[in-house]
Protein chains: 4
Amino acid sequence: MLEELRTQVLEANLELVRAGLVIYTFGNASGISRDDGLVAIKPSGVPYDGMRPEHMVITDLNGRIVEGKLRPSSDLDTHLALYRAFPGIGGVVHTHSRFATAWAQARRPIPCLGTTHADYFRGPVPVTEAMDPAEIESAYEANTGAVIVRRFADADPMQMPAVLVAGHGPFCWGTTPADAAHNAVILEYVAEMSYYSTTLADSQELHPAHRDKHFLRKHGKNAYYGQK
Amino acid sequence: MLEELRTQVLEANLELVRAGLVIYTFGNASGISRDDGLVAIKPSGVPYDGMRPEHMVITDLNGRIVEGKLRPSSDLDTHLALYRAFPGIGGVVHTHSRFATAWAQARRPIPCLGTTHADYFRGPVPVTEAMDPAEIESAYEANTGAVIVRRFADADPMQMPAVLVAGHGPFCWGTTPADAAHNAVILEYVAEMSYYSTTLADSQELHPAHRDKHFLRKHGKNAYYGQK
Amino acid sequence: MLEELRTQVLEANLELVRAGLVIYTFGNASGISRDDGLVAIKPSGVPYDGMRPEHMVITDLNGRIVEGKLRPSSDLDTHLALYRAFPGIGGVVHTHSRFATAWAQARRPIPCLGTTHADYFRGPVPVTEAMDPAEIESAYEANTGAVIVRRFADADPMQMPAVLVAGHGPFCWGTTPADAAHNAVILEYVAEMSYYSTTLADSQELHPAHRDKHFLRKHGKNAYYGQK
Amino acid sequence: MLEELRTQVLEANLELVRAGLVIYTFGNASGISRDDGLVAIKPSGVPYDGMRPEHMVITDLNGRIVEGKLRPSSDLDTHLALYRAFPGIGGVVHTHSRFATAWAQARRPIPCLGTTHADYFRGPVPVTEAMDPAEIESAYEANTGAVIVRRFADADPMQMPAVLVAGHGPFCWGTTPADAAHNAVILEYVAEMSYYSTTLADSQELHPAHRDKHFLRKHGKNAYYGQK
């Protein structure tokens, strides 16, 4: 069932390992079949080494397990909240990658200082509000999703495929699990460079014309990067 | 004698190498058999490459060598002080890993800025007092243990499995040698991220409710991370 | 056609991968045959893995494709502007390498703080002016070249084989594609060291006599480094 | 001739590569046979890959080439000045390793902030004075040696086997080429940690009693680290 999706989700998880974004059992990636209304997600606390497509857990959009012998990632309810709120996305990735998490811990948005950032994220990568104790104490993972969704009330998740959860770390998404993982790798890369720039000087944001030029070189109908 | 413990201790030492926490002959891990009252520890100054279980040195809790042809780690007396004072621990690890040592040298506790930290350490990772010259000049390694134990007079070592010895580096522990090594790797990871966060902004500590939520997702009877 | 040049250009692109200066499809290197007035450049958005000499795209100095089935790097027009303005160069490399880009984002020249820098770059590595919206909105890549060339109105590109485009990243060049890639690797190395020096202290520039001594140990008719 | 010394010198050079202290043809290591009054040193500007013992160049203490078809390292005269001034040393290593060079560029001694440092270097690692233009313009490499030797007028090179040449980088030494390379690797390690500590807080130097305890655990007749 959903064999191809499981394989894509496994592969997105493994990309996080290859790119050095996760250690031990950190991190989780998922993907959705919109037609079936079903999500495939990494199991909780299982080593990446030896992980196979059949270990992925299939749930519906309310978190009911439909197939799989293992318990799903404990962050499942955050993924589901994002799938319900952002209908254009097909994959979600969560890591505690070093530099993106450092910005999340500093509770500062990652400023758009350069074209590498603008190629993928149209503006500063936002930080959520801090969660309040009531949100933490019950339905914590669902509320983590809710605080993200609130942050995007006026923003387009397809132009800003990442967020920093305050005091926690990044969630990224994309049209597919592979795209979400790719965005997580790039987020870490720009988080690292912006850390250096920011500690070196009071950097200024990229001019909006420059930011949009780069975003639109790669996205939308007038894109001209790559072979398509 | 204690073949399984030796193998566990060797494996914990090798995990420090694999994770990049030690170079050359730096670092040492040990484990204890509480039933036998015996400790197995890495030998002093021996290269990791080619190290085998039979190279581990077995001592009693007073440091008397019971088995082994090599001299034990020069930090043996610190390990023993921890085993005597903290009855719940089964393994101890000492490294000079880069970021954790940098905090120890800066003589600042590692603040609990995020959930990665809170998943493992319930609050800021403490720093010991500086040792005074008399403590340094005689029974130095035993006194290093004593200064750690004093620091935990009001703290639970099972909820805070790490300490920074001022001007020296981290000691970590856990229920087994593997658990102690795992904690040492995570400590380095959070020490690195908190370094970035702290140099980026005056970061604020994670709210206690958020900190405890994450610690208790992974520890204690209501834990729900992983497959158990 | 231009088989050797294609191979050199491919090899320069792969050197960027080996040195960790690029991830995914980032970066691009090109080379020129001055006799033929033709440039070979990496195709746009193609993975490095499996890239072969025949994938390089051949264009004339106005960007007309002469041979090749793929679209050339979207930065082609910047490369061409450099080849037209700097007749002594034979290769151009563009990356978003971490530290060099961090300086570009901070819009600070990389100061010449040490002899490693002086061995390759005779003075601070300059930053361009910010591009204005009109320059960005049309003929963006050609204008990126123009802003670089303007910055070198009073400078010798053979003694300063690198520039930082403000808010973007480095462009490097050299007598051959391999030389350009080599300069890109060294630029990243000195950008990293100067980041550490600058965040550690208000560093002072190397004395001009010291700077020139090192530059001239390696360049020009009195050079005495190496085997020639 | 001096086959064993050549092999030791080659091996010390390769250790710099393995430890990530040098890229391309950066760095150089040498060794001396005190009985013969002859030095073996890496050739200038030759790739490490494929380097063999017979490529090492043998010179006397005045720099006259006694055997070898290649030109010696351009830093030969600095090595010779150290061998002449410090009769206890058997090997010299020079690198532009990232963090040690960053301190040299910042023209700050590396403070002795912790026991890792004290295990190898008995106090802050000193920085030379800046060289004046006359010293740079003629006999530059010999004068680099002279400025180091002046810095050690009141210091014991056997207790401080490293120096930072201002605006340049580290020179290290030891009883053998392997020992000098080992010290260069440790210097880079402590330079990195002290960079983090120093940018994190106004760190305080380790107490002299603590510093000496660690130095003397590893050096001199009462040493008790390792198996001897």
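For the structure given in this document, a descriptive report is provided here.

1. Overview of the interface of chain D and chain C
Thought 1: Each side of the interface is counted separately: chain D has 36 residues, and chain C has 35 residues.
Thought 2: When the buried surface of chain D facing chain C is broken down by residue, Y24(D), R71(D) and Q105(D) rank first, second and third, together holding 22% of it.
Thought 3: Where chain D meets chain C, there are three salt bridges.
Thought 4: Between D75(D) and R217(C) there is a salt bridge whose closest N-O contact spans 3.4 Å.
Thought 5: Connecting chain D to chain C are 19 residue pairs in polar contact (both at pLDDT 80 or more).
Thought 6: Breaking the side of chain D that touches chain C down by element, the ones donating at least two residues are α3 (98–106), α5 (133–137), α6 (140–151) and α7 (177–200) of chain D.
Thought 7: If one sorts the elements of the side of chain D that touches chain C by residue count, α3(D) sits on top with seven residues.

2. Some remarks on the pattern of salt bridges
Thought 1: Under the counting rule described, the total for this entry stands at 48 salt bridges over all chains.
Thought 2: D60(B) is paired through a salt bridge with R64(B); the nearest N and O atoms lie 3.4 Å apart.
Thought 3: By relative accessible area, which is 16% here, D60(B) ends up buried.
Thought 4: Look at R64(B) and you get exposed, because its relative accessible area is 55%.
Thought 5: Here R211(B) makes a salt bridge to D212(B), at a shortest N to O gap of 3.0 Å.
Thought 6: Shared partners join several salt bridges into a network, and the residues in it are E11(A), E15(A) and R18(A).

3. Regarding the interface of chain C and chain A
Thought 1: With 36 residues of chain C at the interface, the matching set in chain A holds 35 residues.
Thought 2: At the boundary of chain C with chain A, total buried surface from both sides reaches about 3200 Å², with 55% on carbon and sulfur atoms.
Thought 3: Its largest share of buried area at the contact with chain A, chain C owes to Y24(C), R71(C) and Q105(C), together 22% of the area lost on that side.
Thought 4: Counting across the interface, chain C meets chain A through three salt bridges.
Thought 5: Between E141(C) and R217(A) there is a salt bridge; the shortest N-O distance is 2.7 Å.

4. Some points on the relation of the copies chain C and chain A
Thought 1: Least-squares fitting of chain C to chain A yields an RMSD of 0.0 Å, with the transformation described by 0.0 Å of translation along the axis and a rotation of 90°. The operation mapping one copy onto its partner corresponds to a four-fold rotation axis. Relative to the rotation axis, the closest C-alpha in chain C is found at T199(C), a distance of 5.3 Å.
Thought 2: Here only 6% of the contact residues of chain C are again contact residues in chain A; the copies associate through non-equivalent surfaces.

5. Here we look at the packing of helix α3 (residues 98–106) of chain C against helix α7 (residues 177–200) of chain C
Residue and element names in this part refer to chain C.
Thought 1: The contact between α3 and α7 brings their axes to 7 Å, and the two run at 60°. When the axis of α3 is compared with that of α7, the two are oblique. Pair α3 / α7 crosses with left-handed handedness. The segment α3 lies against α7, with R98, F99, A100 and W103 engaging L187, E188, A191, E192, S194, Y195, Y196 and T198.
Thought 2: When its residues are assigned to classes, the contact of α3 with α7 shows seven nonpolar, two polar and three charged.

Calculation rules
Residues numbered from 1 in each chain as written. Chains lettered and ligands numbered in written order. Predicted model: local features only at pLDDT ≥ 70, side-chain atom pairs only at ≥ 80, totals over all residues. Heavy atoms only, no water. Contact = heavy atoms within 4.5 Å. Buried area = accessible area lost by both parts, 1.4 Å probe. Salt bridge = Lys/Arg side-chain N within 4 Å of Asp/Glu carboxyl O. Polar contact = N/O pair within 3.5 Å; in protein donor to acceptor, adjacent residues only side chain to side chain. Helix = DSSP H or I, 4+ residues; strand = E, 2+ residues; numbered from the N terminus. Buried < 20%, exposed > 50% of the residue type's maximum accessible area, 1.4 Å probe, protein only. Least-squares fit on C-alpha atoms with pLDDT ≥ 70 in both. Axes fitted to C-alpha atoms, helices over the stretch in contact; angles between N-to-C directions. Parallel < 35°, antiparallel > 145°, perpendicular 65-115°, else oblique. Left-handed = near helix turned anticlockwise from the far one by under 90°. Nonpolar A, V, L, I, M, F, W, Y, C, P; charged D, E, K, R; others polar.

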